[in-house]
Each structure stands twice: as C-alpha cells, then as structure tokens.
Amino acid sequence: MSFKFEEINELIKSRLDKLDHIDYYYEGKIISIIDGIIRIIGLSGVFLNELLKFPYNLGYGLIFDLDKEFISAVSLCSCNNLRPGMIVKSTGTMLKVPVGYNLLGRIVNSLGDILDGKNKLDINEFYNIERKSPSIIDRRYINRPLCTGYKSIDSMIPIGLGQRELIIGDRKTGKTSLVLDIILNQRNLNIKCIYVSIGQKLSTIYNIVEKLELYNALDYTILVVASASDEVVMQYIAPYSACSIAEYFRDRGEDVLIIYDDLSKHANAYRQISLLLRRPPGREAYPGDIFYLHSRLLERSAYVNYNFIKKYNSNYDIDGLSGSLTSLPIVETYEGDISSFIATNIISITDGQIFLESDLFNSGIKPAINPGISVSRVGSSAQTQIMKYLSSSLRTYLSQYYELLNFSQFSSDLDENTNNQLKYGKRIVEIFKQKQYKPCSLFKQVLILFSLKYGYLNDIKINKIYLYEIELYKYASKKYPLLKKNINYSGILNNKIINSLKDVIISFKSTILI
C-alpha cells in the first residue's frame, strides 16, 4: 500500500499542471543533502510548507525551516540523484490534497491518491493541507450529540458534534476497536467519517478495512493511510491532509467525524524530522513547537454557523444551515501514565478525554473506561433530554461503587446500605459492558437505563442482565415500533414517554421469565 518516490512525484506534478497559472518565483542552490534534509541558499520570499521543484524532473520538496542564511526542506523524492549546486525553484503553492464526494469509500495516502487498487479518482477540487481554523464568530454552541453507540460514553461522557474528545490508554486496551464501533454507529445518522492511520502496520490496516467492509461502513468512510513503512514526512502530513478532506464536507453544511490513530506516532514522526533539521531538542527530545503541531490541527474542529458555510456556498439559501467537524484523537500511554509530555499537551487542547484502563480491560470490562479520569467538558449540553434524565447520577454511583469495592475487600461485615450500593454498582458495570461491533441505538440504551433507574433490574440476576437487554429490545421493537422511532429520532422527554416505557417493561416482564 505504500507509494514509491517516483509515484509521489508524478502525482504532485500532475496536480501542479492542472493549476491555471504557475510561476516559479524564486531560485536557489542546494548546498547540502543529509538524511533527506536539503539545505538551500538564495531562496527568498518563500513560505513554510511551500512546494519546491527540483531540476530535471527529479521531484519535489517541502519547506520546513526558514533561516537567515538558508532554508531547509524535506524531500518528497529520492535524494540519490540530487547533488549540491543544483538549482531549485519555488512553485508559489502549498501542498494540496484532493477533496470531494468521490473519495467516500476509498483508501488514500497522505497526498490523496488511491491505495485500494480501484479506479482512479476524477477530482478537480483541491484544498491546502494547512488551513485556518474557524474564528470564534464562525462557531456555534455545541449542543447536538454524537451518538457513539456505547452506553457508557453516551450516558456518562457525552460527545457533541464539533467537539474534540481525546481517547487515551495503553496498548491493547481497545482504543481502535472503540473508534471503529463509533464509525459503525454512524451508518444511518448521515455523518461522514474519516479514519486516519498513522504509523500502523499494514496488517492492522487491512483488518480495519475488512471490518468496515463487512459491516457496510465503508460507503460513508474515507481512510487516509500513512503506514509504518511509509516515509516519515508522509506520516507527518497525513492528519493535516485528512482534516482538509473532512473540512470539504463541513464547509457544505454536513457533519463529519475524524479519527486520528494515533497522534503519539505523529509526534514521533515530527520529532524525527525536527532532529534531522537540527532544531534544539526540548523535553523528551521533542522540539519546542510540539504543542503547536497538534493545537493547529485540533483547533480546526468546530461546529460552524450559517454565515461560515455561506462563504463557501453562495448557492445555499437555507437559513440556519450548519456543519460540524468532530475530532477523536488517540494517544497511546505507557503503563497508564497520562502525565507524559504528548498526553498532557493534547489533554490541554481537547474538550475532554476517555481513559481506557488496562486493569479494567484485563478483568473483562469492555470498553475499559475509567469513570474517574474520563470527562467531557461539553457535558450534558450534548445529550438528548431523555438521556440527560436517565444518566444524571450514573457517574457518581459508578465512582462510589469502585471506592466501596476497594473498601469492602478489607471488611467482611458491611451494612445494608453499603451492600445495596455494591449491588447497584454491579448492575451498572454489567449494563456498560458491550461486545465489539455491537453499537447500541438510543432506544436500546434508553430501555436498559430506564430499567436500571426505576428498579426493574433489581430482581434480575447479574449474569442474566445481558440476556434481559437483548430480549427486551426485541420485544419493544416488535410491539412498540412508534415509540422506538420517536425516541431514536427526537430523544425528547415527557410524561407520555415515561409512561410508555413503563408499560413496555412491565408488559415484557409479565410475559418473559429470565
């Protein structure tokens, strides 16, 4: 799936040829070539991330550093044929990536060219990989939920459209599995999904593609891949390219979800480039601008208003039209250390984090979400009325349960109130367990959370709760289809809905014995 240097250069050349007017503004001379870093003198008036053209059609480079005496560029081609003394020309344009609806269902590299072996893309619209984030005036208040399909997230750590929610945890704690399920849950919600793979093994990427195809999620998903075998510069530009692809849909009033898997490897790629550029190393050998690396990327996520969309679509006359770009960056930790440099940087940029804990994962609790550390700074503003009502105290109860569970190990004599809290907490934990590739609709979540809140689970054994949930959902879907449709599409709360839910559960429990 990785691209050769020759293919990359042909791709860039074909895109530059499509521009209406190209001038080579400045010329410079190569003075050194070391480890893919090219130093050039005589180039003035150029800007960061500008494309440079090497002589004799040898390829292109990307400007990374502007110094008083010389500029430094990262090569997008093989350096074997480049020599000191060669003349380099500026192109006056930034690196661009193709955008459009034709990309849906496709697998592309960091430059937007296909990797899936299917027919070539016919796209004539391009976005710069680096774009300004929407201003404060262009943004809207985040108040629409992104339904993840996970009961634990939608109830305790709600994510809103336009939010940036970090997913953090050690290796093998289910981070990628979590985001794949979130993609699957968007199938009927009219949300476009972009999955960015940075520095992963090709076998892992193949498995992800296979699962998305199996569950019919590839039709509304774009995969941007920079694998571990790709050049470091391709891993560096991958998230910026993917964000530009996502912004195309957002600028047209659509909702988009983008997943960066993962930004730890992205930071490592940038550190490698920076060390080759001989930038002064800071903490953990990262350069001083490592915070800016991710802040300028994640700040592009937003819930934008009608005036912003009008700038890009003068033909839209629907007042109130809005679009959103929701980001789920992933960061890998080591031994649960969320105080590492990259982790703390991204925590401070994002609007909350979901922490996946190894101990919970190994004990069979999946998703292994730690409710004490996980938080959403948007909170209940991004919940439907009925979910807000049913989940108002779940987080508190679950945190108390884990505290009491640790305390009860040292005491054999517990009072009745403590025992009741432990029993209630066990039911919450059991409800929040979810199998992979089994996202829950809002109606299914409401049914089980309503059963918990009103005590309908008190007489159900812990090991029978999963069966109870499945049978209840089947029964309610068959007997009460209008209630299901009403809750899934509106999420409103009133006495009629509450009474209907009570009728459903009482009727179900009177006919089914579990």
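Residues numbered from 1 in each chain as written. Predicted model: local features only at pLDDT ≥ 70, side-chain atom pairs only at ≥ 80, totals over all residues. Heavy atoms only, no water.

**Re the overall build of the protein**
Scanning the protein from N- to C-terminus turns up 17 helices and 17 strands. Against the globule reference of 24 Å for 514 residues, the protein gives a C-alpha radius of gyration of 26 Å, in line with a compact fold. Seen through its principal axes, the protein has C-alpha atoms that stretch 85 × 55 × 40 Å. Buried positions account for 54% of the 514 residues belonging to the protein. Nonlocal contacts in the protein, meaning residues at least 24 apart in sequence, comprise 74% of its contacts between residues at least 6 apart. Split by element, the accessible area of the protein, about 23,000 Å² in all, is 50% carbon and sulfur. Each charge sign in the protein was given a centre, from 61 positive and 53 negative side chains, and these centres are 5 Å apart. (Helix = DSSP H or I, 4+ residues; strand = E, 2+ residues; numbered from the N terminus. Rg over C-alpha atoms; globule rule 2.2 N^0.38 Å. Buried < 20%, exposed > 50% of the residue type's maximum accessible area, 1.4 Å probe, protein only. Contact = heavy atoms within 4.5 Å. Areas by Shrake-Rupley, 256 points an atom, 1.4 Å probe, with all protein chains shown as cover. Lys, Arg positive; Asp, Glu negative; His and termini not counted. Charge placed at Lys NZ, Arg CZ, Asp CG, Glu CD.)

**Details of the pairing of strand E6 (residues 87–94)**
Side chains on a regular strand alternate between the two faces of the sheet. Across three bridges, the pairing between strand E1 (residues 27–34) and E6 is antiparallel. Counted as the bridge partner of Lys29 is Ile87 from E6. Pairing geometry for strand E3 (residues 50–53) and E6, over three bridges, is antiparallel. For Lys53, the partnering residue across the bridge sits in E6 and is Lys89. (Pairing = 2+ DSSP bridges.)

**Remarks on the side chain of His266**
Tracing the backbone through its elements, the reader meets His266 in helix H6 (residues 263–276). For His266, a relative accessible area of 0% puts it in the buried group.

**Describing the sheet that holds E3**
Here six strands make up a closed barrel; going around it, the order is E1-E2-E5-E4-E3-E6 and the pairing antiparallel. Across this sheet, the average inter-strand angle for adjacent strands is 45 degrees, counted without regard to direction. Looking at chain direction, E3 and strand E4 (residues 60–66) are connected through three bridges and run antiparallel. Along E4, the bridge assignment pairs Leu52 with Gly61. (Axes fitted to C-alpha atoms, helices over the stretch in contact; angles between N-to-C directions.)

**A word on the pattern of salt bridges**
All told, the structure shown has 21 salt bridges when counted by the stated rule. Close ionic contact of Arg250 with Asp251 constitutes a salt bridge, the shortest N to O distance being 2.9 Å. Here the two residues Arg250 and Asp251 agree in accessibility, since each one is buried. Put simply, Asp262 and Lys265 hold a salt bridge, and the shortest N to O gap is 3.0 Å. Residue classification places Asp262 among the buried residues on the basis of a relative accessible area of 3%. Here Lys265 falls in the partly exposed class, since its relative accessible area comes to 26%. Linked through salt bridges whose partners overlap, the residues forming this network are Arg131, Glu247, Arg250, Asp251 and Arg300. (Salt bridge = Lys/Arg side-chain N within 4 Å of Asp/Glu carboxyl O.)

**Section: H6**
A rise of 1.5 Å per residue sets the reference length of H6, with its 14 residues, at 20 Å; its end C-alpha atoms lie 20 Å apart and thus fit the reference within 8%. Three or more residues of H6 are buried, namely Leu263, Ser264, His266, Ala267, Ala269, Tyr270, Ile273 and Ser274. Here H6 starts with a cap whose side-chain oxygen sits 2.8 Å from the backbone nitrogen of Ser264, and that cap is Asp262. (Expected span 1.5 Å × (residues − 1). Polar contact = N/O pair within 3.5 Å; in protein donor to acceptor, adjacent residues only side chain to side chain.)

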